[in-house]
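Geometric and topological summary
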Amino acid sequence: MMHPSSSLDAPGDMLALARSLDAESLSRAVALRDWLVTVAARMEDSNEVLTGFLERLIDLGLPIDRAVSAIEALHTEYAGIGRFWTREEGTVVRYLPHGDRREAIYQVSPFAHVNRTREWLLLDLAETPDDLFPVIPELKEAGYRHYLTIPVRFTNGAENAISFATRSPEGFGERGLTILRLVMPSFSLVTELRATSNRLDEVLRIYVGDDPHKAILSGAIQRGQVTRIRSAILFADMRDYTHISSTLTPESAVELLNNYFDCLVPPIEDEGGEVLKYLGDGLLAIVRDKGDDTGGAAQSALTAASRALQRIEAANNEGRFPVPINVGFALHHGDAAYGNVGSGQRLDFTVIGRDVNLASRIADLNKRLGEPLLMSKPFVDHLWGNPLPLGSHAVEGFQEAIEVYRP
């Protein structure tokens, strides 16, 4: 086992490394560094970055047959992204799950080892015992002879790494290791820049929705900016949530809401809808009009609401909630407007407008009329079929009575 010192990353040592290479190798290594910080930094697909990096290293004469990278991610559904590359199969992406099992696997891996020591790990597999790391027998069985793991640490402390394996009996050689020493700082920099950008993009998408997060990233962050979306509007809320949650611990109440939204959100997204806002025990979603085809948006919203009600019923029958729950859906068609509201440096990207307010008031009618799904007149005007009219009803905040229908 060998640990090349990470101190070679210092500027003075980097100069010494550069002088140890022949002129052609140095020129090509510098060209690879330039490619990383210019072309690769702007690539949309991270798989292409890794593949391009490996292809250029192989072009430089490094006998790489296998490479694996693991980069931390800030995502609700996974903790990191692993990319597995081999000469035979190319790149395969694996999403690393949250939880104790992944952490236990990581702690006994070469990746954890190099992040603890902050040094490179180079192994001659013929001289490495099988029990040093769980991956060693797998590498030997696949015919690899030498294995190199390099920490890729971010400025925020995130611990990442990349490994290379070769079937060459001679290993990577001094020239190959020198080239890697010269180019890895640029690879780490580009990896961190891309990961930081992806984190910002993902966090905004998670908390404000797909379209609003794009607007924010494009510069729509001034107070008072408003965007209108002509769409079918879907408003849903749970019946008696305050009473139900009063007997639950905060943790159980969160679990209830998550299971509840798991019934509502997938049908909305399956129909091309977008959840714009979670409102405690309710949500506001839209299905955008596609040109003049407003009937398609209305039908998709109705289908989403109907399927969500079916999923709630199934969850009740399976006992997935502390007590059986009921939900009311209100469907309307009009302008959903979202914009920046607040004061000083603290703004909220929120949904506003008359049509949004009307949808929420129709949801109040669900309770009074005992109906799980109600539609407004502007909504059914875009709908196919013959919904059943339930008359006109006064709602808070609107002078005129509102006509409502059920499927």
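Residues numbered from 1 in each chain as written. Predicted model: local features only at pLDDT ≥ 70, side-chain atom pairs only at ≥ 80, totals over all residues. Heavy atoms only, no water.

**Brief notes about the packing of aromatic side chains**
How two aromatic rings sit relative to each other is given by the distance of their centres and the angle of their planes. How we decide: A pair of aromatic rings is counted whenever rings of Phe, Tyr or Trp (Trp by its six-membered ring) have centres within 6.5 Å, and the orientation is called stacked for planes under 30 degrees apart, edge-to-face for over 60 and tilted otherwise. Secondary structure elements follow DSSP: runs of H or I of four or more residues count as helices, runs of E of two or more count as strands, with numbering from the N terminus. Only protein chains enter the accessibility calculation, which uses a 1.4 Å probe; a residue whose area is less than 20% of its type maximum is buried, one above 50% is exposed, and one in between is partly exposed.
For the structure on display, the rule yields four aromatic pairs. With 4.5 Å between their ring centres and 20° between their planes, Phe53 and Phe187 make a pair best called stacked. On the criterion of sequence distance, the pair formed by Phe53 in helix H3 (residues 46-59) and Phe187 in helix H7 (residues 173-208) is long-range, its members being 134 residues apart. The same class applies to Phe53 as to Phe187, namely buried. Three or more aromatic residues link up through ring pairs in this structure, and these residues are Tyr260, Phe261 and Tyr278.

**With respect to the pairing of strand S1 (residues 66-72)**
Formally: Only when DSSP finds a minimum of two bridges between them are two strands counted as paired.
In terms of burial, S1 is a largely internal element, six of the seven residues being buried. The pairing of S1 with strand S2 (residues 80-86) spans seven bridges and is antiparallel. Residue Glu72 lies in a different strand from S2, and its bridge partner there is Gly80. One ladder, built from five bridges, connects S1 with strand S6 (residues 159-166); its direction is antiparallel. Along S6, the bridge assignment pairs Val68 with Ser163.

**Brief notes about the pattern of salt bridges**
Two side chains bearing opposite charge may form a pair once their charged atoms approach each other closely. Applicable threshold: Think of a salt bridge as a Lys or Arg side-chain nitrogen and an Asp or Glu carboxyl oxygen that are within 4 Å of each other.
Within this structure, the stated rule accounts for 16 salt bridges. Of the charged contacts in the structure, one is a salt bridge between Arg87 and Asp65, with a shortest N-O distance of 2.7 Å. One end of the pair, Arg87, is in the loop between S2 and strand S3 (90-96); the other, Asp65, is in the loop between H3 and S1, with 22 residues separating them in the sequence. Relative accessible area serves as the criterion here: at 43%, Arg87 is assigned to the partly exposed category. With a closest N to O distance of 3.8 Å, Asp335 and Arg228 form a salt bridge. In this pair, Asp335 is assigned in strand S10 (residues 327-343) and Arg228 in strand S7 (residues 226-238), connecting sequence segments 107 residues apart. Since its relative accessible area comes to 66%, Arg228 is described here as exposed. Here the residues in one salt-bridge network are Arg228, Arg230 and Asp335, joined through shared partners.

**Some details on a nonpolar patch on the surface**
Just so we agree on the cut-off: Residues form patches when they are more than 30% accessible in relative terms and have no salt bridge. Like charges link within 9 Å. Nonpolar side chains (Val, Leu, Ile, Met, Phe, Trp, Tyr) link within 5 Å. Calculation of accessible area relied on Shrake-Rupley with a 1.4 Å probe; when residues are assessed, cover is drawn exclusively from the protein chains displayed.
A cluster of nonpolar side chains, namely Val37, Leu189 and Leu193, defines an oily patch on the protein surface of about 260 Å² accessible area. For Leu189, the position within the fold is in helix H7. Judged by its relative accessible area of 44%, Leu189 falls in the partly exposed class.

**A word on the side chain of His333**
What counts is decided by this rule: N or O atoms within 3.5 Å of each other form a polar contact, as long as, within protein, one can give a hydrogen and the other can take it, and as long as residues adjacent in sequence are counted only when both atoms are side-chain atoms.
Of note, His333 is situated in strand S10. Reaching out from His333, the side chain makes a polar contact with the side chain of Asp289 at a distance of 3.0 Å. At 3.5 Å, the side chain of His333 and the side chain of His382 are in polar contact.

**Concerning the confidence of the model for the chain**
In low-pLDDT regions, the fine details of the predicted coordinates are not to be read closely. Heads up, the condition is: For every residue, the pLDDT score states the predictor's confidence, bounded by 0 at the bottom and 100 at the top. Note on definitions: a residue-residue contact is assigned when non-hydrogen atoms from the two residues lie within 4.5 Å.
Averaged over every residue, the pLDDT of the chain is 87; the share at 70 or more is 92%. Below a pLDDT of 50 lies the segment residues 1-12, which in the model reaches 27 contacts outside its immediate sequence neighbourhood of four places, other chains included.

**Let's talk about the sheet that holds strand S5 (residues 146-153)**
This is how it is decided: Whenever a helix is involved, its axis is fitted only over the stretch in contact; in every case the axis is a line through C-alpha atoms, and angles between N-to-C directions fall within 0 to 180 degrees.
If you trace the six strands from one edge of the open sheet to the other, you get S3-S2-S1-S6-S5-S4, paired in antiparallel fashion. Only two strands of the sheet have a single partner each, and these edge strands are S3 and strand S4 (121-124). Here the strands of the sheet are splayed against their neighbours by 15° on average, with no regard to which way each runs. Looking at chain direction, S2 and S3 are connected through seven bridges and run antiparallel. Within S3, the residue paired with Thr86 across the bridge is Gly90.

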